[in-house]
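Summary of structural features
Letter by letter, the chains look like this.
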Amino acid sequence: MPMIFLYIIACQQSQKDFSFGIDPTDTATTPDATDDPPQDPTVEDTAEPGQPEEPPEPIDVGSLGELRFAMHPGNGSDGFGFRVAGIQDSNGDSLSELALSAPTYVVPDYNSPSGAVAIYNGREETDDLDAESMQALLISAGPNEYFGHSIASCDFNQDGTTELFVSAPAHRVGEEPMGALYRYSLPLQGNVSTSQAVQTIIGPANGSSFGSAIACDESSGLMAVSAAYFESSLGLTQAGAAWIYEPASAAGSIESFSIAQFYGDREGQNFGVGMSFGDVNGDSIPDILIGGGGEGLGGTGSSAVGGFYGPLNDSYFLEDADVVYRESMEIDHLGNTLTCGHDIDGDGYEDCAISAYWDSSHAERGGAVYLMLGSSEGLTSLQGASARIYGLTDYGYTGISVSFIDDLNHDGKVDLAIGAYGDKIDAASPEAPGAVHIFTHTPQGISLVSDADLTLYGNGGGFGYHVTGLSDADGDTTSDLLVGAYMEGGGAGYLFSGGE
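We now turn to the structure provided with this report.

Here we come to the overall build of the chain. Per the secondary structure count, the chain includes zero helices and 38 strands. Residue burial in the chain is summarised as follows: out of 500 residues, 56% are buried. Accessible area of the chain: about 20500 Å², with a carbon and sulfur share of 46%.

Below, the structure is given as structure tokens:
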């Protein structure tokens with residue numbers, strides 16, 4: 001298994017045969033010499049009459065896992081990289097932008113952890129970027145809001161207009177911490193306050209941590225937002241809840257316009273801490289997977305995941321879900337993070353990955369990730385998972401973050417990235433640089449992180465705490481991987497390239 005270390009550009013060769021790029025024997029992708037390409041009127045045509053135009057130089061997609069650039073927007077204990085997100089090109093340069101959040105960023109006016117989100121433009125250069133290189137800095141408009149706890153970028157209905165959503169779970173209305181979700185039109189530039197958001201949605205209850213997680217479904221134009229500390233109508237403290245709504249018709253408090261509501265069934269479950277849309281049964285109607293990774297009020301464990309199949313237009317408790325998963329051991333944080341919406345095995349059904357990052361099956365809190373494949377019947381039971389991927393390092397926390405990536409290595413298949421911010425190169429070493437394990441093949445059965453096709457190791461500082469796949473941000477036409485390291489200095493984000 002090849003390993004990539006930060007600041008080392010060259011990587012070891014994988015033993016796997018990765019196909020990538022344009023096949024010169026494929027007539028569907030080979031340029032036709034008889035086609036007349038559009039001419040730039042400002043460029044003089046120097047070709048000899050009767051001679052074919054020279055084809056453009058092919059783009060070098062580079063090496064898989066090559067560190068393209070690092071971003072260090074903060075200092076002190078700002079914590080940038082707590083959450084990371086890719087933003088589909090909003091400024092017309094054909095490159096994705098990158099967002100790094102810091103909910104503990106101290107706004108000088110408040111001298112408190114108010115929160116911020118840094119946005120960088122994609123770039124072809126391989127520079128290290130500091131705060132001066134930011135395209136925009138979104139800043140909380142109030143003290144102690146934890147603005148940036150969750151972020152998501154969505155192009156609703158794929159109309160080419162990308163928007164950014166940022167949560168502030170402790171946003172106050174008067175003296176009450178109701179929580180809020182802010183919606184921004186892109187692109188943004190310079191310092192941006194929450195007052196410049198085009199829409200603000202207020203949480204349903206005091207202290208509910210509204211904005212614990214955000215998920216969007218671009219094809220249907222639906223948005224989901226959760227409140228992991230919400231007390232349900234059954235009187236269950238911190239059971240958690242989530243709501244689905246249509247942003248175009250939203251205004252005011254979430255409960256007044258949501259089209260579907262979901263509630264946890266145990267105290268301390270924190271239902272909604274993980275959420276993701278996907279079409280797992282192939283009916284072209286969005287489904288949603290919602291996780292509650294809480295420990296329970298007594299520390300006895302209450303984690304669970306519910307899969308709800310569309311249409312989603314009612315109020316649901318966890319017991320109403322089409323499929324329910326419960327943690328297999330005491331406090332494994334099943335469902336704390338999860339991802340859906342991609343077809344990793346190529347069978348036409350979208351799949352999901354669910355983490356239990358405190359799982360201790362192979363190492364104390366080494367963590368685990370379950371790969372759940374979609375089908376015409378939806379998802380299987382947890383025991384029927386297509387793969388179980390286990391961490392091997394004590395307190396490695398494998399699965400603290402998970403993300404599917406659209407074809408990182410040009411083999412036409414979806415890949416899986418798994419963050420493990422406590423992982424070690426040597427289990428006996430006191431150093432824990434953190435890691436991201438990348439599976440470019442579809443894992444099956446009992447698997448270990450050592451079975452990954454590529455592992456990226458960091459410099460500590462929470463490397464791998466949050467990861468996300470994104471479309472091309474470095475100009476090589478391939479998908480990329482963005483990794484957060486929020487405890488490294490003032491926080492950091494690292495962009496790794498897809499490629500050979």
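Among the nonpolar cores identified, the biggest contains 20 residues, and Met71, Phe80, Leu98, Tyr105, Tyr120 and Leu137 are the most heavily contacted of them. For this core, the elements supplying multiple residues, two or more each, are strand S2 (67–72), strand S4 (97–102), strand S7 (116–120) and strand S9 (136–139). With residues near it in sequence (within four places) discarded, methionine 71 still touches Leu98, Leu100, Tyr120, Leu129, Leu482, Gly491, Ala492, Gly493, Tyr494 and Leu495.

What follows covers the state of the cysteines. Counted under the stated rule, the structure contains two disulfides. Residue cysteine 154 pairs covalently with cysteine 216 via a disulfide, S to S 1.9 Å. One quick way to see it: the torsion about the S-S bond of cysteine 154 and cysteine 216 is about -100 degrees, and its sign makes the bridge left-handed. Pair noted here: cysteine 154 is in strand S10 (residues 151–154) and cysteine 216 is in strand S17 (residues 210–217), with a separation of 62 residues, a long-range link. Note on cysteine 216: relative accessible area 21%, which makes it partly exposed. Disulfide pairing places cysteine 340 opposite cysteine 352 at an S-S distance of 2.2 Å. Looking along the S-S bond of the cysteine 340-cysteine 352 disulfide, the torsion reads about 110 degrees, which is the right-handed sense. Of the two residues, cysteine 340 sits in strand S27 (residues 334–342) while cysteine 352 sits in strand S28 (residues 351–356), which places them 12 residues apart along the sequence. The two residues cysteine 340 and cysteine 352 agree in class, both being buried. Regarding the disulfides, the chain carries the connectivity 1-2, 3-4 under sequence-order numbering of its bonded cysteines.

It is worth spelling out empty space enclosed by the protein at this point. Taken as a whole and assessed by the stated rule, the structure comprises two cavities of 30 Å³ or more. A volume near 50 Å³ is recorded for the largest cavity. Lining the largest cavity are Ile87, Ser90, Asn91, Glu97, Ile119, Asn121, Gln135, Leu186, Pro187 and Leu188. Across the lining of the largest cavity, the residue classes break down as five nonpolar, four polar and one charged. Lining the second largest cavity are Ser276, Gly278, Val280, Asp287, Ile288, Leu289, Gly307, Phe308, Tyr309, Cys340, Cys352 and Leu379.

We now examine the pattern of salt bridges. Using the criterion set out here, one finds six salt bridges in the structure. For arginine 68, the salt bridge is made with glutamate 66, and the minimal N-O distance between the two is 3.3 Å. Across the pair, glutamate 66 and arginine 68 agree in class, each one buried. A salt bridge links arginine 123 to aspartate 127; its shortest N-O distance comes to 3.0 Å.

Further remarks concern the sheet that holds S28. Strand pairing in a sheet takes place through backbone hydrogen bonds and is either antiparallel or parallel in direction. Spatially, S27-S28-S29-S30-S34 is the arrangement adopted by the five strands of the open sheet, whose pairing is mixed. Of all the strands in the sheet, just S27 and strand S34 (445–448) have a single pairing partner and so form its edges. Ignoring strand direction, the axes of neighbouring strands in this sheet form an average angle of 20 degrees. When S28 meets strand S29 (residues 368–372), the two strands line up antiparallel, connected through five bridges. Note on S29: the bridge partner recorded for alanine 356 is alanine 368.

Attention shifts here to the pairing of strand S3 (residues 83–87). One face of the sheet, then the other: side chains in a regular strand alternate in exactly this way. With respect to burial, S3 is a largely interior element, four of its five residues being buried. With five bridges connecting them, S3 and S4 associate as antiparallel partners. Across the sheet, residue glycine 86 finds its bridge partner in S4, namely leucine 98.

Turning our eyes to something else, we now look at the environment of alanine 385. With respect to the helices, strands and loops of the structure, alanine 385 is situated in the loop between S29 and strand S30 (387–390). Residue alanine 385 is classed as buried on the basis of its relative accessible area of 15%. Taking C-alpha positions, alanine 385 is 10.0 Å from isoleucine 354, a pair spaced 31 residues apart along the chain. What alanine 385 contacts, discounting residues up to four positions off in sequence, is Tyr370, Leu371, Met372 and Thr380.

Attention now goes to the sheet that holds strand S18 (residues 222–227). Judged by pairing direction, the sheet is mixed, and its five strands sit side by side in the order S17-S18-S19-S21-S25 without closing on themselves. Each end of this open sheet is capped by a strand with a single partner; those strands are S17 and strand S25 (315–317). The average angle at which neighbouring strand axes cross in this sheet is 15 degrees, direction not considered. Relative to S25, strand S21 (residues 260–263) is paired through three bridges, and the arrangement is parallel. In the sheet register, tyrosine 263 faces S25, and the bridge partner there is phenylalanine 317.

What follows covers unusual backbone geometry. The step from leucine 186 to proline 187 runs through a cis peptide bond, and the omega angle for that step is 5 degrees. Following the sequence through the fold, proline 187 ends up in the loop between strand S14 (180–185) and strand S15 (190–193). With omega at 5 degrees, the peptide bond leading from glycine 310 into proline 311 counts as cis. Note on placement: proline 311 falls in the loop between strand S24 (304–308) and S25. The backbone of serine 94 sits at a positive phi, close to 70 degrees, despite the residue not being glycine. With respect to the helices and strands, the residue serine 94 is situated in the loop between S3 and S4. Phi at tyrosine 395 takes a positive value of approximately 55 degrees, unusual for a residue other than glycine. Looking at the element boundaries, tyrosine 395 is found in the loop between S30 and strand S31 (401–405).

About the cut-offs
Residues numbered from 1 in each chain as written. Predicted model: local features only at pLDDT ≥ 70, side-chain atom pairs only at ≥ 80, totals over all residues. Heavy atoms only, no water. Helix = DSSP H or I, 4+ residues; strand = E, 2+ residues; numbered from the N terminus. Buried < 20%, exposed > 50% of the residue type's maximum accessible area, 1.4 Å probe, protein only. Areas by Shrake-Rupley, 256 points an atom, 1.4 Å probe, with all protein chains shown as cover. Core = buried A, V, L, I, M, F, W, Y, C linked by side-chain atoms within 4.5 Å. Contact = heavy atoms within 4.5 Å. Disulfide = S-S within 2.5 Å. 1 Å grid on protein atoms, 1.4 Å probe; cavity = no way out; pocket = protein on both sides within 12 Å on 5 of 7 lines; lining within 4 Å. Points joined across faces, edges and corners; volume = space filled by probe spheres on them. Nonpolar A, V, L, I, M, F, W, Y, C, P; charged D, E, K, R; others polar. Salt bridge = Lys/Arg side-chain N within 4 Å of Asp/Glu carboxyl O. Pairing = 2+ DSSP bridges. Axes fitted to C-alpha atoms, helices over the stretch in contact; angles between N-to-C directions.

That is the geometry; function is a separate question.
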